[in-house]
Amino acid sequence: MSMTERPQEALSRDPRKIVKDLIRRLISLETRKKLAIRVNGLEWVAKDRRSWWSRELIRDLAGENINEYHRFLWLHHLAYAAPYEVATRFGDENIEKSRKMFSQDLVKHLVSMKIDPGTEIRSIFEVGCSLGYQLRFLEKNVFLSARTIVGIDIDRYAVMTGAEYLREIGSKVSVRYADMLDLQKELAGKDFDIVLCSGVLMYLDEVHASEVVRVMLRHTGIMLAITGLAHPHVDNSGLLQSIPRERDLAFIHNIDSMVRRAGGKVIARRWDGANLVDGHSIYFVFATKD
Ligand SMILES: C[S@@+](CC[C@H](N)C(=O)[O-])C[C@H]1O[C@@H](n2cnc3c(N)ncnc32)[C@H](O)[C@@H]1O
């Protein structure tokens, strides 16, 4: 209840909100972060309830530092990170249709550049690779001659379980823990034929996402391929600034403009507006150095 609020008004409010506000006022953010991790481990609580509490316990962090809010959830495999598991992500049948469309488009645009994906691509790097399932799919089905296939991700659990699985099946894909905010350090002195980043930039605000695009482009040999959240009504290339999505506070960016500001050239793109494929909106950007 606020200082100016009468008791009846407070009682008419959503009781869950009252509890949430009280918890946030009485318990420090640092302690609530630990609680969010603990709650997630309570097997007897339904998954969606655990996910809700993990987010709600630290929601005020989103107002203070939106990048840190998303970073914390991914780092600890909480809330929207929880469904990322080896059993449900690896395997051709588990690759989402929107990601298959992305790789088909990538192949099409490489071919239009007179590059044979099966024989001419030697190295691939993925930013935000999770367990490494997309890289594995590409290793097996698309970039058959690639020798270096590397991914980084901040979700420690996903990287650990994904790396173990990839080792077991004898894949060339290697995944490791790293924060995309440290990408320049990660990529220093290295270039990759293909750099991929799908469904990841949305967890950074415009300034930081633009910087990641700049670094990725600098280290791209042939093609940089990115997917982002599509704005449902306006082609993202027309957005004057990034917009946080209400549901999960992830950003809808103008990636075309980020590429151009980084000195790159958008050679192909796709924006499908409100159309959803497996629950994902479709906004792909394929770029090269200018
Ligand atoms: C929606 S998932 C997409 C996974 C995969 N790229 C795909 O296309 O299916 C977003 C991924 O970005 C990763 N991520 C989020 N913030 C990150 C950061 N700061 N550094 C590295 N990875 C990050 C998450 O851990 C998660 O694996």
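Residues numbered from 1 in each chain as written. Predicted model: local features only at pLDDT ≥ 70, side-chain atom pairs only at ≥ 80, totals over all residues. Heavy atoms only, no water.

1. Digging into the sheet that holds strand β9 (residues 280–289)
Next up, step 1: Spatial strand order, β3-β2-β1-β4-β5-β9-β8: 7 strands in an open sheet with mixed pairing. Both edges of this open sheet fall to β3 (173–177) and β8 (264–277), since each of them pairs with a single strand only. Strand-to-strand, the axes of this sheet are offset by a mean angle of 15°, without reference to chain direction.
Next up, step 2: Pairing analysis gives 3 bridges linking strand β1 (residues 123–127) to strand β4 (residues 192–198), with the strands arranged parallel. Residue pairing in the sheet places I124 in a bridge with I194 of β4.
Next up, step 3: Contacts from helix α11 (residues 156–168) reach β2 (148–153) and β3, with the element oriented near 155° to β3. (Pairing = 2+ DSSP bridges. Helix = DSSP H or I, 4+ residues; strand = E, 2+ residues; numbered from the N terminus. Axes fitted to C-alpha atoms, helices over the stretch in contact; angles between N-to-C directions. Contact = heavy atoms within 4.5 Å.)

2. A look at the site of the ligand
Next up, step 1: Residues in contact with the ligand amount to 17 residues; listed here are only the nearest, R99, G128, Y133, D153 and S198.
Next up, step 2: Measuring from a nitrogen atom of the ligand, one finds a backbone N or O atom of M180 at 2.8 Å.
Next up, step 3: With respect to the ligand, the side chain of S198 contributes an N or O atom lying 2.6 Å from an oxygen atom.
Next up, step 4: For the ligand, whose unbound accessible area comes to 600 Å², protein coverage reaches 96%.
Next up, step 5: Partitioned by chemical class, the residues of the shell around the ligand number 8 nonpolar, 4 polar and 5 charged. (Near = heavy atom within 4 Å. Polar contact = N/O pair within 3.5 Å; in protein donor to acceptor, adjacent residues only side chain to side chain. Areas by Shrake-Rupley, 256 points an atom, 1.4 Å probe, with all protein chains shown as cover. Nonpolar A, V, L, I, M, F, W, Y, C, P; charged D, E, K, R; others polar.)

3. Here's the deal with the pairing of β1
Next up, step 1: Along β1, 5 of the 5 residues are buried, which leaves the element largely enclosed by surrounding structure.
Next up, step 2: As judged from the 5 bridges shared by β1 and β2, these two strands associate in the parallel manner. Bridge pairing in β2 places S123 opposite T148.
Next up, step 3: Crossover connection from β1 via helix α10 (residues 133–141) to parallel β2: handedness right-handed. (Buried < 20%, exposed > 50% of the residue type's maximum accessible area, 1.4 Å probe, protein only. Right-handed = clockwise from strand over helix to strand, strands pointing away.)

4. A closer look at the environment of G199
Next up, step 1: Along the chain, G199 falls in the loop between β4 and α13 (206–218).
Next up, step 2: The spatial distance from the C-alpha of G199 to the C-alpha of Y283 is 9.7 Å, given a sequence separation of 84 residues.
Next up, step 3: Those residues in contact with G199 that lie beyond four places of it in its chain are R99 and T227.

5. Describing the domain arrangement of the chain
Much of the literature gives interface size as the accessible area that the parts lose upon coming together.
Next up, step 1: We note that the domain assignment places domain 1 (7–64) and domain 2 (86–289) within the chain.
Next up, step 2: Centre-to-centre, using C-alpha coordinates, domain 1 lies 33 Å away from domain 2. (Domains from an automatic or database assignment.)

6. Some details on the side chain of S54
Next up, step 1: Within the secondary structure, S54 is located in helix α4 (residues 47–57).
Next up, step 2: Relative accessible area serves as the criterion here: at 0%, S54 is assigned to the buried category.
Next up, step 3: At a separation of 3.5 Å, a polar atom in the side chain of S54 contacts the main-chain carbonyl oxygen of A36.
Next up, step 4: Contacts of S54, omitting those with residues within four sequence positions, involve A36, N40, L73, L78 and A79.

7. Some points on the packing of helix α8 (residues 97–112) against α10
Next up, step 1: Direction vectors running N to C along α8 and α10 enclose 45°, while the axes themselves pass 12 Å from each other. Comparing the axis directions of α8 and α10 gives the class oblique. Regarding α8 and α10, the two cross each other, and that crossing is right-handed. Contacts from R99, K100, F102 and S103 of α8 reach α10 at Q134, F137 and L138.
Next up, step 2: Along the lines of polarity and charge, the residues of the contact of α8 with α10 split into 3 nonpolar, 2 polar and 2 charged. (Parallel < 35°, antiparallel > 145°, perpendicular 65-115°, else oblique. Left-handed = near helix turned anticlockwise from the far one by under 90°.)

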